[in-house]
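Single-letter residue listing:
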Amino acid sequence: MAEEKSRPHIELGVYQRPEADQRITATEVIAGVLSLIWLAMTAGFFLIVDGSGTEAPFDSIRFVMILIAIFMPVAMIWVGALAVRASATMREESRRLQTAISAMRQSYLAQQHNGGTSQSVEKKLEEIAAAQRKTESTLATFTSVRPAATPAEDRLAIPSPLQMDEQASLELGTPSEALAPPLSVADFIKALNFPETAEDKEGFRALRRALSDHKVSQLVHAAQDILTLLSQDGIYMDDLTPDRARPEVWRKFAKGDRGASVAPLGGVRDRSSLALTSARMKQDAIFRDAAHHFLRKFDKTLAEFENSASDEEISALSNTRTARAFMLLGRVTGTFD
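Because the structure is predicted, anything quoted here is derived from the model rather than measured.

1. Considering the environment of Ala279
- Inspection of the secondary structure assignment puts Ala279 in helix H11 (residues 271-283).
- Owing to a relative accessible area of 13%, Ala279 belongs among the buried residues under this scheme.
- Taking C-alpha positions, Ala279 is 9.1 Å from Thr99, a pair spaced 180 residues apart along the chain.

2. Quick notes on the confidence of the model for the protein chain
- Confidence in the prediction of the protein chain, expressed as mean pLDDT, is 77, and 70% of residues score 70 or more.
- In the predicted structure, residues 1-5 sits below a pLDDT of 50 and forms 4 contacts with residues beyond four places in sequence or in another chain.
- Every residue in residues 141-152 is under pLDDT 50, and counting partners more than four places away or in other chains gives 17 contacts.

3. Comments concerning the environment of Met327
- Relative to the helices and strands, Met327 resides in helix H14 (residues 321-333).
- Accessibility expressed as a relative area gives 2% for Met327, which makes it buried.
- Expressed as a C-alpha distance, the spacing of Met327 and Gly267, which sit 60 residues apart in the sequence, is 6.8 Å.
- For Met327, the contacting residues outside a window of four places in its chain are Pro242, Asp243, Trp250, Leu265, Gly266, Gly267, Val268, Ser318 and Phe336.

4. Topic: helix H9 (residues 214-231)
- In a regular helix each residue adds 1.5 Å, so 18 residues correspond to 26 Å; H9 covers 26 Å between its end C-alpha atoms and thus fits that length.
- For H9, the set of buried residues is Val216, Ser217, Leu219, Val220, Ala222, Ala223, Gln224, Ile226, Leu227, Leu229, Leu230 and Ser231.
- Contacts from the buried residues of H9 go to helix H7 (185-193), helix H8 (201-211), H11, helix H12 (285-305) and H14.
- Taking the backbone nitrogen of Lys215 as reference, a side-chain oxygen 3.1 Å away marks Asp213 as the first, capping residue of H9.

Thresholds, definitions, all that
- Residues numbered from 1 in each chain as written.
- Predicted model: local features only at pLDDT ≥ 70, side-chain atom pairs only at ≥ 80, totals over all residues.
- Heavy atoms only, no water.
- Helix = DSSP H or I, 4+ residues; strand = E, 2+ residues; numbered from the N terminus.
- Buried < 20%, exposed > 50% of the residue type's maximum accessible area, 1.4 Å probe, protein only.
- pLDDT = per-residue confidence, 0-100.
- Contact = heavy atoms within 4.5 Å.
- Expected span 1.5 Å × (residues − 1).
- Polar contact = N/O pair within 3.5 Å; in protein donor to acceptor, adjacent residues only side chain to side chain.

The structure is reproduced here in structure tokens:
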């Protein structure tokens, strides 16, 4: 029970497309009230009629007409309520679609203004790039595993001098994060992927450990903020399937390399997500600041993590939801150029 109470609040919608909204709106409330009023009125009417006249023999046609008179208006009320709700949903989808179309149009006009190659040449280049991406993804799958002295569950993700020195004395004034258990590589990677569902106890346990680490908690908070902002535009990390870069490319980026050697990190090819993110970066100052803050934290954390991580662990890190957000934002901002 104590474990459930200490579970951090995580908005699962930051990386999973939310289910259809099942909340009761004002339209349903009004429809329900009107239905009750109509039923009360018809009940009162028939009570008065039956009480003022003599009892008549049963007439099947009259009975059917009474049922129609009672329930037809109720059915019409709820048909209207459902139509109003469907109309609101369509307006919301139309707004999102219009935003996506506008962003894609701006991107297309910008490309046209800067000049471009012919369609035939572009198609050939796209085919070559697709073949190259397929090869890179295959090679990334068969990454070499560097021998590690201890398992990933026991080694530290980002060792600090205080944690490395087993003889260090805990003097008065020692920060609270220094007293917390060290974060292992396995928990570090699992925390950056966030819990799969609300019942993912291992995911929440790893997330709590990551939040107790001063350095990693800053990255976790920055990632949660940017994933939430991206979800507002309908961009979810589970919908992205970026091309996987080899661990050597991530190591080059962590060591400060930029340009063509780290270009495979920009493996997000979803044009809609790229266009929406690019438009949001230009129009929303809050989103832009959150994105740059997240990129800085990820870059700094990756540089420290790479020193002690194996190729297999770097490959696992690159497949987390946090790394996918980094690849998306890094391509939009030109971080890999």
